[in-house]
Amino acid sequence: MKLNHFLFLFFFAIVAFSCSDDNPAPVTETKVTVIQSSEWQIDRFTTTTGSVVDPTLFGGNSKLIGELTYVFDKTFTVRSYDKVSKQAQAYGAWKFVENDTKLDINIQGFTGIFEVVSLTKQKMILKNNIVYAGVSVPIHMEFVPFK
């Protein structure tokens with residue numbers, strides 16, 4: 001009789017542990033994992049109201065931002081690459097600050113703390129002041145995954 005109880009419990013344990021949850025809990029992605037999921041490139045620059053800005057009127061290092069792609073890796077290093085030649089350019093460090101509302105980037109030619117307006121796997125929008133037509137104005141830099 002004890003053997004039958006043991007076999008019953010053993011069978012019950014196997015059935016219980018082999019059942020899978022048909023509705024697993026959704027995986028919550030953090031901003032860190034989202035930014036690390038792609039190589040990013042500038043899609044366009046806009047004003048804070050959504051009007052497209054002509055990047056040829058940018059001054060200083062702001063002109064170079066659109067010519068590169070950016071990789072934010074798991075060691076919190078950011079690397080830039082030429083879009084055409086794929087050659088490595090400047091690199092530096094990155095981190096989220098102020099409760100992940102801002103992105104602190106320290107890379108040659110692209111240094112500053114940028115407000116994170118939006119961050120999904122399809123688009124990253126960062127806000128900062130850029131010299132445009134000789135005047136410093138708030139601009140949205142809209143990034144998309146590089147293909």
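Since this is a predicted model, take the numbers as computed values, not measurements. All residue numbers refer to positions counted from 1 along the written sequence of the respective chain. Note on the predicted model: pLDDT of at least 70 is required for a residue's local features to be given, and 80 or more for side-chain atom pairs to be given and counted; whole-chain, interface and lining totals, by contrast, use all residues. Side-chain descriptors were evaluated using all non-hydrogen atoms of the structure, hydrogens and water having been removed beforehand.

## A few points about unusual backbone geometry
Excluding glycine, most residues fall at negative phi; most peptide bonds, likewise, are trans.
Move 1: Here F76, not a glycine, exhibits a phi torsion of approximately 60°, which is positive.
Move 2: The phi torsion at N99 lies on the positive side, around 55°, for a residue other than glycine.
Move 3: Helical segments are the DSSP runs of H or I of at least four residues, strand segments are the runs of E of at least two, and each set is numbered from the N terminus. Mapping N99 onto the fold places it in the loop between β4 (88–97) and β5 (102–107).

## Focus: the side chain of Q41
Move 1: With respect to the secondary-structure elements, Q41 resides in strand β1 (residues 39–47).
Move 2: Note on Q41: relative accessible area 16%, which makes it buried.
Move 3: In this structure Q41 touches L68, T69, K83, E142, F143, V144, P145 and F146, once residues within four positions along its chain are discounted. A simple rule labels every residue: compare its accessible area, found with a 1.4 Å probe on the protein chains alone, to the largest value its type can have, and call it buried under 20%, exposed over 50%, or partly exposed in between. Note on definitions: a residue-residue contact is assigned when non-hydrogen atoms from the two residues lie within 4.5 Å.

## Concerning the packing of aromatic side chains
Move 1: Any two of the Phe, Tyr and Trp rings considered here, Trp counted by its six-membered ring, make a pair once their centres fall within 6.5 Å; the pair's planes then place it as stacked at under 30 degrees, edge-to-face at over 60, or tilted in between. Scanning the model with the defined rule gives 4 aromatic pairs in all.
Move 2: Each ring, one from F76 and one from W94, has its centre 4.8 Å from the other, and the planes form 40°; the classification is tilted. Of this pair, F76 sits in the loop between β2 (68–72) and β3 (77–82) while W94 sits in strand β4; the two residues are 18 residues apart in sequence, bridging distant segments of the chain.
Move 3: Ring-pair connections join several aromatic residues into one group, and the members of that group are F72, F76, W94 and F96.

## Let's talk about the pairing of β3
Move 1: By this definition, two strands are paired if DSSP reports at least two bridges between them. In the sheet, β2 pairs with β3 via 5 bridges, with the strands oriented antiparallel. Each bridged residue has a counterpart across the sheet, and for L68 the counterpart in β3 is D82.
Move 2: Count of turn residues in the β2/β3 antiparallel hairpin: 4 residues, of which F76 carries a positive phi of about 60°.
Move 3: Here β3 runs beside β4; their pairing, made up of 4 bridges, is antiparallel. Looking across to β4, one finds that R79 is bridged to Y91.
Move 4: Turn length for the β3-β4 hairpin, with the two strands adjacent in sequence and antiparallel, is 5 residues, and the turn residue K86 shows positive phi of about 65°.

Limitation: the analysis is restricted to geometry and does not speak to function.
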